[in-house]
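# Survey of secondary and tertiary structure
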Amino acid sequence: MSDLGRILIAGTGPTAVQTAVLAGRLPGAVGVAGRESARADSFFAALADAGGVLRAEVQNEQHRALAGRCRVREVFRGYGTVTGEWDTLILTVTADAYVPVLGQLDRRVLARLGRIVLTSPTLGSAALVREYARRLGADPEVISFSSYLGDTRTPGGTPGATVLTAGVKRRIYAASTTPSSSALERLRALHASAGVHVEVLGGPVEAESRNISLYVHPALFMNDVALRAVFRPSGPPRYVYKLFPEGPVTPSLVRTMVAQWRELTDVVVALGGAGVNLLAFMLDDSYPVRPESIGPDDVARFEELPAVHQEYLVYVRYASLLIDPFSEPDGDGRYFDFSAVPIRPVFRSETGEWDVPRMPREDYYRTKVIQGLARQLGVACPTIDGLLAAYEDELRRAPGERAGEPLSAAFVVQDFGTDLDIIRTAIGKAS
């Protein structure tokens, strides 16, 4: 019996499969539960065809430790159908789905949980999950990771029982609501065995604030260039990390990104956490550049530099990663086109509705929660307000642009008031 006991994975995407393969190395059963949808049905059918075995493959040999297989002991179609005694629930769904998933679980199942693990939370997620669980009569330990461990996808794009992990983060962070958590230590050791370093921090807020997406995605996606590419695509594709006109990155966008970093830092500090050195975080926890582009002294002194110098260095960082500076050039001297990540436009889902891609749909939820926390804590956030206003203007325009066509709930301006009210209650109890 491990510290995690019987493990239930909530979710049916690529992250769920890789997580199950990793969790399957521990003693005890692994189960999988998912929502009722066409995509989930495809996953469950593929799992049945595979004889109940999930597989993870890797793109690069250095990540071989993450490859493997896991036999799923129990499968649940619909969260309301989950039965039995489970010790650990791992939520591999998006952060905005935490409350809906927990709300569908049988109260007896929830009450028996010893812990809930969040693989991709946002700021305040641990407080949200713990307080909501308590309202339902449970009191689990909550463990937050800063982010998922890498880049995992389903070959061919169709949900299935086999996934490919194409990239792995060198370091992620985690923290628990339980001091000196043995379960967290077991998870840290499990990740270490797979070649992923987990740095344990003092509390969930600090771990949740160490997700680079929180600092860069709002500026990268909530601007005119990116919003047009998402909601009103025309002409050639635009790319997330490219300089204008191929992408949205301009000195003005970088100025917004640095200003938002300062506002988010003020929120994290007000919650009792510690801020991050944005440039160091970008280079050490995301992807490095050569010292000829940005020297170590500039990285170390970044937080002390004048704003215009900070903005210059962040712009240089994006310019330096237009190509992979550590790749081998081809015969024509061309390096790998590292920044060519296309901005995905709106698409028709399996139900026939127009839907918004995960980026920026998930970023809208995350940034809206941060705005709500800032309001609660009395922290001014004019930059965050402006980014959200630009995004919500696009949502309001969408019904007119696609008159008479079915739109998903992602096109609705939301306040996520239910989640924020729960988080505010949790913050009030902690203060």
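Numbering of residues starts from 1 in every chain and runs along the sequence as written. The predicted origin of the model limits local features to residues at a pLDDT of at least 70 and limits the giving and counting of side-chain atom pairs to 80 or more, whereas totals for whole chains, interfaces and linings rest on all residues. Working from all heavy atoms in the structure, the side-chain values ignore hydrogens and water.

Under an unreviewed UniProt entry, the name given to the chain is Staphylopine dehydrogenase CntM, and the source organism is Myceligenerans crystallogenes.

Regarding its fold elements, the chain presents 16 helices and 14 strands. For 431 residues, the compact-globule estimate of 2.2 N^0.38 gives 22 Å, and the chain sits close to it at 21 Å. Structurally, the chain occupies a C-alpha span of about 55 × 55 × 55 Å along its principal axes. Looking at the chain as a whole, 54% of its 431 residues are labelled buried. Working rule for contacts: check all heavy atoms of both residues, and any pair within 4.5 Å makes them a contact. In the chain, the share of contacts with a sequence separation of at least 24, taken over all contacts with a separation of at least 6, comes to 72%. Accessible area of the chain: about 18200 Å², with a carbon and sulfur share of 50%. Side-chain charges in the chain split into 46 positive and 50 negative, and the spacing between the mean points of these groups amounts to 4 Å. Counting from the N terminus, the helices are the DSSP runs of H or I reaching at least four residues and the strands are the DSSP runs of E reaching at least two. Just to be clear, the radius of gyration here is over C-alpha atoms, and the globule rule we use is 2.2 Å times residues to the power 0.38. The buried label goes to any residue with under 20% of its type's maximum accessible area, the exposed label to any with over 50%, and the partly exposed label to all in between, with areas taken from a 1.4 Å probe on protein chains only. The Shrake-Rupley method, run with a 1.4 Å probe, gives the accessible areas here. Residue values count only the displayed protein chains as cover. The charge count treats Lys and Arg as positive and Asp and Glu as negative. His and the chain ends do not count. Lysine's charge is taken at NZ, arginine's at CZ, aspartate's at CG and glutamate's at CD.

On to the pattern of salt bridges. Here, a salt bridge means any side-chain nitrogen of Lys or Arg that lies within 4 Å of a carboxyl oxygen of Asp or Glu. Tallying each qualifying case throughout the model produces 25 salt bridges. For the salt bridge of Arg115 with Glu141, the shortest nitrogen-to-oxygen distance reads 3.7 Å. With Arg115 in strand S7 (residues 115–118) and Glu141 in strand S8 (residues 141–145), this residue pair connects regions lying 26 residues apart in the sequence. Taken as a pair, Arg115 and Glu141 share a single burial class, namely buried. Between Arg424 and Asp421 there is a salt bridge; the shortest N-O distance is 2.9 Å.

Now for the sheet that holds strand S1 (residues 7–10). Strand pairing is defined by DSSP finding a minimum of two bridges between the two strands. The strand order across the open sheet formed by 8 strands is S5-S2-S1-S6-S7-S8-S11-S12, and the pairing between neighbours is mixed. This sheet does not close on itself; its edge strands, each paired only once, are strand S5 (74–77) and strand S12 (197–200). Strand-to-strand twist in this sheet, taken as the mean axis angle between neighbours without regard to direction, amounts to 20°. Sheet topology note: the S8/strand S11 (residues 171–176) ladder contains 3 bridges and is antiparallel. Counted as the bridge partner of Ile143 is Ser176 from S11. Under this scheme, a helix contributes an axis fitted over its contacting stretch, all axes are lines through C-alpha atoms, and angles between N-to-C directions fall in the 0 to 180 degree range. Against the sheet, helix H6 (residues 182–193) touches S7, S8, S11 and S12, its axis set at about 30° to S8.

Below, the discussion takes up the nonpolar core. Core analysis: the largest hydrophobic core is formed by 101 residues, its most contacted members being Leu89, Leu91, Tyr215, Leu220, Phe231, Met257 and Val314. When residues in this core are grouped by element, the largest group, 8 residues, is from helix H10 (residues 251–270). With residues near it in sequence (within four places) discarded, Leu91 still touches Ala10, Tyr98, Val101, Ile116, Val117, Leu118 and Thr119. For this analysis, a nonpolar core means a set of buried residues of the types Ala, Val, Leu, Ile, Met, Phe, Trp, Tyr and Cys, connected via side-chain atoms within 4.5 Å. Listed in part, the 40 residues of the second largest apolar core include Ala23, Val32, Val117 and Val163.

This part covers the pairing of S1. Residues Ile7 and Ile9 of S1 are buried on one face, and the alternating residues Leu8 and Ala10, pointing to the opposite face, are buried as well. Sheet topology places S1 next to strand S2 (residues 30–34); 4 bridges connect them, and they run parallel. Bridge pairing in S2 links Ile9 to Val32. Handedness of the crossover joining S1 and S2 through helix H1 (residues 14–23): right-handed. Pairing of S1 with strand S6 (residues 88–91) involves 4 bridges; the strand directions are parallel. Residue pairing across strands places Leu8 opposite Leu89, the latter belonging to S6. With strands facing away from the observer, any crossover in which the path from the first strand over the helix to the second runs clockwise is taken as right-handed.

Time to look at a positive patch on the surface. On the surface, Arg55, Arg69, Arg71 and Arg73 cluster together into a positively charged patch. As for its placement among the helices and strands, Arg55 is situated in strand S3 (residues 53–58). By relative accessible area, which is 34% here, Arg55 ends up partly exposed. Every patch collects residues that have over 30% relative accessible area and no salt bridge, joining them within 9 Å if they carry like charges and within 5 Å if they are nonpolar side chains (Val, Leu, Ile, Met, Phe, Trp, Tyr).

On to helix H14 (residues 358–377). Taking 1.5 Å of rise per residue, the 20 residues of H14 would be expected to cover 28 Å, and the 28 Å separating its terminal C-alpha atoms lies within 8% of that figure. With 14 of its 20 residues buried, H14 lies for the most part within the structure. Trailing H14 by a residue or two, Gly378 shows a phi angle of about 75°, which is positive. The length a helix should cover is 1.5 Å for every residue beyond the first.

In spatial order, the strands read S4-S3-S10-S9; together these 4 strands make up an open sheet with mixed pairing. What marks the edges here is a single partner per strand, and that holds for strand S4 (68–71) and strand S9 (150–153). Averaged over all adjacent pairs, the angle separating strand axes in this sheet is 25°, with direction ignored. Note that S3 and S4 share 4 bridges and pair antiparallel. In the strand pairing of S4, Ala56 is matched with Gly68.

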